[in-house]
Amino acid sequence: MKIFIIIAVIFLLNKTCNAKIIDGLAAKVGDRVITIKEVITEYKIANILQQRKKTVRDLPEASFSRDTLDQIINRELIYREAINVKSFSAQVDIFEEMVGFEEKFSYPEIFSSFMNKEGLSADHLADRFLKISVGSAYLAEKLANIVSVSLKDVENYY
């Protein structure tokens, strides 16, 4: 009888559990902590941005993506470099990006539901779009200074 009880207890203890990571540290860039939830949310935002206006009806599902984490890290590093070199925030207008993101959703209720479910605020989205815009402006300026075509190259091309 004792053996039966021990075997039953072992089977009960060995029952598989469905554990799920709620959140955790994905990376750290300087003093900026990037969480696993933030990476998943970024993946969802990128997916929504690829959709046409008024087409997002269901909230997208996503899992952790290393590529998305790398994009967030790169965005943060480029933004920090841009701010160290020059102040871009006064020159960058993100209003259209913010409105464009909201317009991807077929109904305002779905947009609100997405924002609530992901724990996002307008400030979170604004910060994301600001960093992308500042980084893009900085890289465009840097690339314009790096890339040059000589007159001889132009003449050879034509």
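The structure reproduced in this document is the subject of the present report. Along each chain, residue indices are assigned from 1 in the same order as the chain's sequence is written. Where local features are concerned, this predicted model is filtered to residues with pLDDT of at least 70; where side-chain atom pairs are given and counted, the filter is 80 or more; whole-chain, interface and lining totals use all residues. The basis for the side-chain values is all heavy atoms of the structure; hydrogens and waters are excluded.

1. Re the overall build of the protein
Okay, step 1: Secondary structure assignment for the protein yields seven helices and two strands.
Okay, step 2: Going from the N terminus to the C terminus, the protein shows its helices and strands as α-β-β-α-α-α-α-α-α.
Okay, step 3: Each of the 158 residues in the protein was classed as buried or not, and the buried ones make up 30%.
Okay, step 4: Residue contacts follow a heavy-atom distance rule, with two residues in contact if any of their heavy atoms lie within 4.5 Å. Restricting to contacts in the protein with at least 6 residues of sequence separation, those with at least 24 account for 74%. Helix numbers and strand numbers start at the N terminus; a helix is a DSSP run of H or I with at least 4 residues, a strand a run of E with at least 2. Under the scheme applied here, a residue whose accessible area is under 20% of the maximum for its type counts as buried, over 50% as exposed, and between as partly exposed, the area being computed with a 1.4 Å probe on protein chains only.

2. Some remarks on the pairing of strand S1 (residues 25-29)
Okay, step 1: Think of it this way: DSSP has to see at least two bridges between two strands before they count as a pair. The pairing of S1 with strand S2 (residues 32-35) spans four bridges and is antiparallel. Following the sheet pairing, Leu-25 is matched in S2 by Thr-35.
Okay, step 2: Counting the residues in the hairpin turn of S1 and S2 gives two residues, including Gly-30, whose phi is positive at 65°.

3. Describing the side chain of Glu-76
Okay, step 1: Looking at where Glu-76 falls in the secondary structure, it is placed in helix H3 (residues 66-85).
Okay, step 2: Excluding residues that lie within four positions of it along the chain, Glu-76 makes contacts with Val-29, Arg-32 and Lys-131.

4. Some thoughts on the environment of Ala-27
Okay, step 1: Within the secondary structure, Ala-27 is located in strand S1.
Okay, step 2: A C-alpha to C-alpha distance of 9.4 Å links Ala-27 and Asp-70, two positions 43 residues apart in sequence.
Okay, step 3: Ala-27 has contacts with Arg-32, Val-33, Ile-34, Leu-69 and Ile-73, leaving out every residue within four places of it along the chain.

5. Some remarks on the packing of H3 against helix H6 (residues 122-146)
Okay, step 1: Throughout, an axis means a line fitted to C-alpha atoms (over the contacting stretch in the case of helices), and angles, computed between N-to-C directions, take values from 0 to 180 degrees. As a packed pair, H3 and H6 sit with axes 8 Å apart at the nearest point and diverge in direction by 65°. Seen along the crossing, H3 lies across H6 with a hand that is left-handed. In this structure, H3 uses Arg-75, Glu-76, Ile-78, Tyr-79, Glu-81, Ala-82, Ile-83 and Val-85 to contact H6, whose residues at the interface are Arg-128, Leu-130, Lys-131, Ile-132, Val-134, Gly-135, Tyr-138 and Leu-139. It is the rotation of the near helix from the far one that decides the hand of a crossing: anticlockwise by less than a right angle makes it left-handed, clockwise makes it right-handed.

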